[in-house]
Structure formats: C-alpha cells, structure tokens
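A closer look at the structure
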Amino acid sequence: MNWVKLGALETIPRLGARVVAGPNGDIAVFRTAADGVFALADRCPHKGGPLSQGIVHGERVTCPLHNWVIDLASGSATGPDTGCTGAYRVRVDQGQVWLDLDPVVSAPVHAAAADPEEAAEAGTQAPTPAQREAV
Ligand code: FES
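Residues numbered from 1 in each chain as written. Predicted model: local features only at pLDDT ≥ 70, side-chain atom pairs only at ≥ 80, totals over all residues. Heavy atoms only, no water.

- With an unreviewed UniProt entry as reference, the chain is termed Nitrite reductase [NAD(P)H] small subunit, source organism Thioalkalivibrio nitratireducens.

Encoded structure:
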C-alpha cells in the first residue's frame, strides 16, 4: 500500500470529484451526497471519458460522454454495459482524506485517453496538467 494524504474532506466537492495525478494516470476522487469517498481511474471503461466530470448519484457516476454508469466502489460499468476501470482505496480519518495509490482493481491497459473531439462535442474536457494535483 502507498497511502498519501489529500487533505480535508471539504476539498472534494459534494457530488463531484478532484483529480489527482497518480503514478499510472489521473485518479478521480469522488464525494457522494452522504459524504462517501471513492476513487477511480479517471478513464471511463467505454472510450476513456473523464469520469471526474460526470454526474455523481448515489454511489455511482454517469460518464459525461455517453452516459455509461460506473459503480464508484468497484469501477465496474453497470448493466447492460460491461467493463471496469481502476479502483483505489480511500479512507477518511479525522476529516482528512487518504488515498492508496496502489489500485485495488487495475484499469485495463487498452483504456485510451478521451477522444478530444468527442469530449468537445459533449462539452467536457480532460483535465489540463494545471488542474491535476500532484501527490
Ligand atoms: S460512456 Fe464514458 S467514454 Fe463513453
């Protein structure tokens, strides 16, 4: 395990995400309405869309590109879609969020970065280097 401290829970927007630069690519750290915290590779298992810009509902996120619904705990697409992205351990200790940079579930290596043209059409954009946080 390779735990890093991300800071206070409040630094993650409720029903949103923060993007952290991990050793194997960007990691989206989500916060639910009930203050549950989850972390997934910021690549949709469909075509690599930025899950961090999706809509969080319950313990799931809907990808902003083609509306696949991804389970925040497992990184798996929910039926009828199939596929899985990387999932990471997170914990909140005394109001501070910790992230394990070693994935529980590794993302498939074929998951490509989001197609910039598709992202533009959908009104989303992959985070720029300035928007990523180094840990
Ligand atoms: S649904 Fe996420 S990239 Fe298509």
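Back to the write-up after that little detour.
Comments concerning the pairing of strand β3 (residues 25-31)
- Buried residues dominate β3, accounting for six of its seven residues.
- Bridge count for strand β2 (residues 16-22) against β3 is seven bridges, and the pairing is antiparallel. The residue of β3 that forms the bridge with V19 is A28.
- Counting the residues in the hairpin turn of β2 and β3 gives two residues.
- Connecting β3 to the next strand, strand β4 (residues 37-41), in antiparallel fashion are five residues, including D35 with a positive phi near 65 degrees. (Buried < 20%, exposed > 50% of the residue type's maximum accessible area, 1.4 Å probe, protein only. Helix = DSSP H or I, 4+ residues; strand = E, 2+ residues; numbered from the N terminus. Pairing = 2+ DSSP bridges.)

Topic: the environment of V92
- Relative to the assigned elements, V92 resides in strand β9 (residues 90-93).
- Its relative accessible area of 41% is what places V92 among the partly exposed residues.
- Remark: the alpha-carbon pair of V92 and V37, spanning 55 residues in sequence, is separated by 7.8 Å.
- Those residues within four positions of V92 in sequence are excluded, and the remaining contacts are V37 and V97. (Contact = heavy atoms within 4.5 Å.)

What about the pattern of salt bridges?
- The final tally for this structure, using the stated rule, is four salt bridges.
- Among the salt bridges present, the one from R14 reaches D35, with a minimum N-O distance of 2.9 Å. Within this pair, whereas R14 is found in the loop between β1 (3-8) and β2, its partner D35 is found in the loop between β3 and β4, the two being separated by 21 residues in sequence.
- For the salt bridge of R31 with D35, the shortest nitrogen-to-oxygen distance reads 2.8 Å.
- By relative accessible area, R31 is classed as buried at 7%.
- For D35, a relative accessible area of 28% puts it in the partly exposed group.
- Counted as one network, the salt bridges with shared partners bring together R14, R31 and D35. (Salt bridge = Lys/Arg side-chain N within 4 Å of Asp/Glu carboxyl O.)

Details of the sheet that holds β9
- Spatially, three strands are ordered β1-β10-β9 in an open sheet, and the strand pairing comes out antiparallel. In this open sheet, the two edge strands, each paired with only one partner strand, are β1 and β9. For this sheet, the mean inter-axis angle between neighbouring strands, taken without regard to orientation, is 25 degrees.
- Both β9 and strand β10 (residues 96-100) contribute to a ladder of four bridges, which runs antiparallel. Note on β10: the bridge partner recorded for R91 is W98. (Axes fitted to C-alpha atoms, helices over the stretch in contact; angles between N-to-C directions.)

Things to note about the sheet that holds β2
- The strand order across the open sheet formed by five strands is β8-β4-β3-β2-β11, and the pairing between neighbours is mixed. If you trace the sheet from one side to the other, it starts and ends with β8 (87-88) and β11 (133-134), each paired once.
- In terms of strand pairing, β4 meets β8 through two bridges, oriented antiparallel. Its bridge partner lying in β8, A39 is registered against Y88.

Looking at the environment of P50
- By the element assignment, P50 lies in the loop between β4 and β5 (55-57).
- Between the C-alpha atom of P50 and that of L65, which follows or precedes it by 15 residues, the distance is 8.1 Å.

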